[in-house]
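# Architecture and fold: a report
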Amino acid sequence: GVLSLKATLLGSQLSVLQGLFSGLEALKDWCDVHFRLLDQHGQIADCASEDLRALRMLTRNLKVKIDEKLKDFMSDPHFSDVFQDDYVTLRDGRYVQPVKNSFKGRMPGIIHDLSKTESTLFIEPQVVVEVDARARLAVAELPGGAGSDRRTDQAARLRVLRGVRDVEARVG
């Protein structure tokens, strides 16, 4: 009676436990494949695709070059009286420097904005325009890479996620 019932219950629990643990092995395999696509912040990692890696490396290199060019400009004694303030900011995705309106002809570049008081122009220096243009062309030449860096990065991440989804659909 009781021993027979105990044996039956243990046998059924054992098969349930075995089923749970065998499911964990499949989960481990899934994690091994998919977690490597994420960085420590839960974002899609550079290594998730060659396009994404190349794009992000290009973007980092672009930022370094632009920072160097802007620092050179700010430390150039010929331009010391031109700057309204000692900082760099973004306007419409472009790196610009605040320049006194009265000196707008002294700094070659593209005017992207004007302060509310109209005393400050936000100018993208010509050397930065050239570096940025080269980088945007390079981004456009990446497979599937057209548009701005942000949109291209987003497209590369979507391709990675679609690839994961397609693999999941095949595996079931």
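Just so it is clear, the model here is predicted, and its values are computed rather than measured.

Our focus in this paragraph is the overall build of the chain. The helix and strand inventory of the chain stands at four helices and four strands. Starting at the N terminus and walking to the C terminus, you meet the elements of the chain as α-α-β-β-β-β-α-α. Going through the 172 residues of the chain one by one, you find that 26% of them count as buried. Of the contacts formed within the chain by residues at least 6 apart in sequence, a portion of 44% connects residues at least 24 apart. When the accessible surface of the chain is split by element, carbon and sulfur atoms take 59% of a total near 11500 Å².

The next subject is the nonpolar core. One finds Phe73, Phe79, Val82, Phe83, Val99, Met107, Leu121 and Ile123 forming the largest nonpolar core, which totals eight residues. Counting residues in hydrophobic clusters, the runner-up holds seven residues, among them Leu62, Ile66, Val128 and Ala135.

Quick look at the pairing of strand β3 (residues 109-114) now. In this structure, β3 lies alongside strand β4 (residues 120-125), joined through five bridges in antiparallel fashion. Across the sheet, the residue bridging to Asp113 is Phe122, located in β4. The antiparallel hairpin formed by β3 and β4 contains five residues in its connecting segment, where Glu118 sits at a positive phi of about 65 degrees.

Detailed reading of the predicted model is not advised wherever pLDDT is low. On average, residues of the chain score 76 in pLDDT, and 72% of them are at 70 or above. β3 holds the highest mean pLDDT among the elements of the chain, 92, whereas helix α4 (residues 149-171) holds the lowest, 64.

Each aromatic ring pair is summarised here by two numbers: the centre-to-centre distance and the angle between the ring planes. Counted under the stated rule, the structure contains zero aromatic pairs. The ring of Phe122 is capped by Arg91, whose NZ or CZ atom sits 3.9 Å from the centre of that ring.

So, about the pattern of salt bridges. Evaluated as defined, the whole model comprises eight salt bridges. The salt bridge partner of Arg60 is Asp46, with a shortest N-O separation of 3.1 Å. Taken as a pair, Arg60 in helix α2 (residues 50-75) and Asp46 in the loop between α1 (2-34) and α2 lie far apart in primary sequence, 14 residues in all. Here Arg106 ties to Asp81 by a salt bridge, and the two come within 3.1 Å at their closest N and O atoms. Highlighted residues: Arg106 in the loop between β2 (94-100) and β3 and Asp81 in the loop between α2 and β1 (89-91), separated in sequence by 25 residues. The exposure class of Arg106 is partly exposed, given its relative accessible area of 39%. Look at Asp81 and you get partly exposed, because its relative accessible area is 33%. Among the charged side chains, a network of salt bridges with common partners joins Asp46, Arg56 and Arg60.

The sheet built from four strands is open, its strands ordered β1-β2-β4-β3 with antiparallel pairing. Only two strands of the sheet have a single partner each, and these edge strands are β1 and β3. Each strand of the sheet is rotated relative to its neighbour by a mean of 50 degrees, with strand direction disregarded. Relative to β2, β1 is paired through three bridges, and the arrangement is antiparallel. Residue pairing across strands places Thr89 opposite Val96, the latter belonging to β2. Those strands touched by α2 are β2 and β4, and its axis lies near 10 degrees from that of β2.

What counts and how
- Residues numbered from 1 in each chain as written.
- Predicted model: local features only at pLDDT ≥ 70, side-chain atom pairs only at ≥ 80, totals over all residues.
- Heavy atoms only, no water.
- Helix = DSSP H or I, 4+ residues; strand = E, 2+ residues; numbered from the N terminus.
- Buried < 20%, exposed > 50% of the residue type's maximum accessible area, 1.4 Å probe, protein only.
- Contact = heavy atoms within 4.5 Å.
- Areas by Shrake-Rupley, 256 points an atom, 1.4 Å probe, with all protein chains shown as cover.
- Core = buried A, V, L, I, M, F, W, Y, C linked by side-chain atoms within 4.5 Å.
- Pairing = 2+ DSSP bridges.
- pLDDT = per-residue confidence, 0-100.
- Phe/Tyr/Trp six-rings, centres within 6.5 Å; stacked < 30°, edge-to-face > 60°.
- Lys NZ or Arg CZ within 6 Å of the ring centre and 35° of its normal.
- Salt bridge = Lys/Arg side-chain N within 4 Å of Asp/Glu carboxyl O.
- Axes fitted to C-alpha atoms, helices over the stretch in contact; angles between N-to-C directions.

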